[in-house]
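Descriptive structure summary
Here is how the chains run, residue by residue.
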Amino acid sequence: MASPDQDPYYLAEQDIASSVRGIMTTHEKWKQLLFNTNTYTNKEFKWYNKEIRKVLAVIEEDIGDILEAIGTIEKFPGRYVLAPGELDRRKLFANDVKIKINEIKEDLQSPRALAKIEEDKQNELLSSEKRNMIERGGKFEGLRRAHDEDNRDFLREQAGYQRELMNRQDEGLDQMKDDVQILGEMGKAMHSELKIQEGLLDSLHDRAARSSETLGSVMRKLDRFMESTSSKLQWTIIAILGIIFVGLVVLTTMIKK
């Protein structure tokens, strides 16, 4: 059987008991502030209201762990050795804590408490609204003048922006006009160059045609000549004509380049 110094349950029980005592003190202070202050503006009440809910959540989690441990002991009694009545005492402790924290939670959510908090809120909002109405009444003329001045400033700013935008558009159109003119000049230059190239090609074509006709006439005359000359002389003439033909081909190629 584990002693209180060895069993971690006892340490957990002490922590929970200490937390319960603390939250009960906090709850009493919360109730005093609830009915004696304006809960909507009182910072101390807001702190206690937040703190008490946070501690409640921690205690509920710890009690849940204890109840889970008690359930495990009941399910497997042979694994744990407790003093007679110890398990019942632990159950009683957990139930007492649950009752106390439930009472505090019910008090926090009671219609009386919620009504007081809502009433403080409405009173403060109404008071603030009245103060604002008084201040607005005194400052209405100044606010109207400031509003009118803001509108004028806005209109002046928009007009300046529109002028700047139009200037930028004009600059863009001028630049586009210059670009179009440059492209037009380039097109004219390309057209003139193409006409020149076309003339050169026509000239080359005419020269080639004339060269072809001349060569044909020479070949016909050569045929007639070959028919009337000896074989040896024919080969000599063929060689000479071959040289002449090669020269013409080379000359024609150079002219085309």
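Please refer to the structure placed before this passage.
Calculation criteria
- Each residue is numbered by its place in its chain's sequence as written, counting from 1.
- In keeping with the model being predicted, local features are shown solely for residues with a pLDDT of at least 70 and side-chain atom pairs are shown and tallied solely at 80 or more, while totals for entire chains, interfaces and linings include all residues.
- Computation of side-chain values covers all heavy atoms of the structure but excludes hydrogens and water.
- Helix numbers and strand numbers start at the N terminus; a helix is a DSSP run of H or I with at least 4 residues, a strand a run of E with at least 2.
- Accessible area is worked out with a 1.4 Å probe on protein chains only. A residue is then buried under 20% of its type maximum, exposed over 50%, and partly exposed in between.
- Contacts were defined at the residue level, with two residues in contact if any of their heavy atoms lie within 4.5 Å.
- Using the Shrake-Rupley algorithm and a 1.4 Å probe, accessible areas are obtained, with residue cover drawn only from the displayed protein chains.
- Take a side-chain nitrogen of Lys or Arg and a carboxyl oxygen of Asp or Glu: if they are within 4 Å of each other, that pair is a salt bridge.
- Any two of the Phe, Tyr and Trp rings considered here, Trp counted by its six-membered ring, make a pair once their centres fall within 6.5 Å; the pair's planes then place it as stacked at under 30 degrees, edge-to-face at over 60, or tilted in between.
- Note on geometry: a ring has a charge over it if NZ (lysine) or CZ (arginine) is within 6 Å of the ring centre and within 35 degrees of the ring normal.
- As defined here, a cavity is a set of points on a 1 Å grid over the protein atoms alone where a 1.4 Å probe fits but cannot get out. A pocket is an open set with protein on both sides within 12 Å along at least five of seven lines, and residues line them when an atom is within 4 Å of a point.
- Grid points are joined across faces, edges and corners, and a volume is the space filled by probe spheres set on the points.
- When residue character is reported, Ala, Val, Leu, Ile, Met, Phe, Trp, Tyr, Cys and Pro are called nonpolar, Asp, Glu, Lys and Arg charged, and the others, Gly included, polar.
- Angles here are taken between N-to-C directions and fall from 0 to 180 degrees, while the axes themselves are lines fitted to C-alpha atoms, restricted in helices to the stretch in contact.
- Oblique is the label for any angle not covered by the other classes, which are roughly parallel (under 35 degrees), roughly antiparallel (over 145) and roughly perpendicular (65 to 115).
- A crossing counts as left-handed when the near helix is turned anticlockwise from the far one by less than a right angle, and as right-handed when that turn is clockwise.
- Take the buried residues of types Ala, Val, Leu, Ile, Met, Phe, Trp, Tyr and Cys, join any two whose side-chain atoms come within 4.5 Å, and each joined set is a nonpolar core.
- Patches here: salt-bridge-free residues with over 30% relative accessible area, like charges joined within 9 Å, nonpolar side chains (Val, Leu, Ile, Met, Phe, Trp, Tyr) joined within 5 Å.

Assigned secondary structure in the protein chain consists of five helices and zero strands. Going from the N terminus to the C terminus, the protein chain shows its helices and strands as α-α-α-α-α. Across the 257 residues in the protein chain, those meeting the buried criterion constitute 18%. Sequence-distant contacts in the protein chain: of pairs separated by 6 or more residues, those separated by 24 or more amount to 67%. As presented, the protein chain carries roughly 19,700 Å² of accessible surface, and 59% of it is formed by carbon and sulfur atoms.

Attention now moves to the pattern of salt bridges. The tally for this structure, following the rule as stated, stands at nine salt bridges. Salt-bridge contacts for Lys 31 lead to Glu 28; the nearest nitrogen and oxygen are separated by 3.3 Å. Of this pair, Lys 31 and Glu 28 are both found in helix 1 (residues 8-36), three residues apart, which corresponds to roughly one turn of the helix. Residue classification places Lys 31 among the partly exposed positions, given a relative accessible area of 29%. The class of Glu 28 is partly exposed, set by a relative accessible area of 42%. Across the salt bridge formed by Lys 54 and Glu 51, the nearest N and O atoms sit 3.4 Å from each other. Taken together, the residues Lys 54 and Glu 51, both in helix 2 (residues 43-75) and three residues apart, mark about one turn of the helix. Its relative accessible area of 21% is what places Glu 51 among the partly exposed residues. Each of the salt bridges in this network shares a partner with another, and the network as a whole consists of Glu 13, Glu 86, Arg 89 and Arg 90.

Our focus in this paragraph is the side chain of Glu 86. On the secondary structure map, Glu 86 appears in helix 3 (residues 86-108). Ignoring anything within four residues of it in the chain, the contact list for Glu 86 reads Tyr 9 and Tyr 10.

One pass over the structure, following the stated rule, counts three aromatic pairs. Their ring planes at 90° and their centres at 5.1 Å tell us that Trp 47 and Tyr 48 sit as a pair that is edge-to-face. Exposure remark for Tyr 48: the relative accessible area of 18% places this residue in the buried category. Directly above the ring of Tyr 40 sits Lys 46, whose terminal nitrogen or CZ lies 5.5 Å from the centroid. The residue whose ring lies beneath Arg 90 is Tyr 10, and the NZ or CZ to ring-centre distance is 5.4 Å.

Approximately 230 Å³ is the volume found for the largest pocket. Sorting the residues of the lining of the largest pocket by element identifies helix 1 and helix 2 as the ones contributing at least two each. Among the residues forming the lining of the largest pocket, the class breakdown is 11 nonpolar, no polar and three charged.

A separate point is the packing of helix 1 against helix 2. Their axes nearest at 9 Å, the elements helix 1 and helix 2 cross at an angle of 155°. Classified by the angle between their axes, helix 1 and helix 2 sit roughly antiparallel to one another. Considering how the two elements wind past one another, helix 1 and helix 2 form a crossing that is left-handed. Contacts from Tyr 9, Ile 16, Ser 19, Val 20, Ile 23, Thr 26, His 27, Lys 29, Trp 30, Leu 33 and Leu 34 of helix 1 reach helix 2 at Glu 44, Phe 45, Tyr 48, Asn 49, Ile 52, Val 55, Leu 56, Ile 59, Asp 62, Ile 63 and Ile 66. Looking at side-chain class alone, the contact of helix 1 with helix 2 contains 15 nonpolar, four polar and three charged residues.

With that settled, consider the packing of helix 1 against helix 3. Interhelical geometry of helix 1 versus helix 3 gives an angle of 20° and a closest axis separation of 11 Å. The pairing of helix 1 with helix 3 is recorded here as roughly parallel in orientation. The two elements helix 1 and helix 3 meet at a crossing, and its hand is left-handed. Between helix 1 and helix 3, the residues in contact are Tyr 9, Tyr 10, Glu 13, Ile 16, Ala 17, Val 20, Ile 23, Met 24, His 27, Trp 30 and Lys 31 and Glu 86, Arg 89, Arg 90, Phe 93, Val 97, Lys 100, Ile 104, Asp 107 and Leu 108, respectively. When the residues that make up the contact of helix 1 with helix 3 are grouped by side-chain class, the tally is 12 nonpolar, one polar and seven charged.

All right, on to the nonpolar core then. The biggest cluster of nonpolar side chains holds 25 residues, and the ones touching the most others in it are Ile 16, Trp 30, Ile 59, Ile 66 and Val 97. Of the residues forming this core, the biggest block, nine residues, is contributed by helix 2.

Side chains of Ile 240, Ile 244, Leu 248, Leu 251 and Ile 255 sit close together on the surface and give an oily, nonpolar patch of about 420 Å² of accessible area. Here Ile 255 is to be found in helix 5 (residues 231-256).

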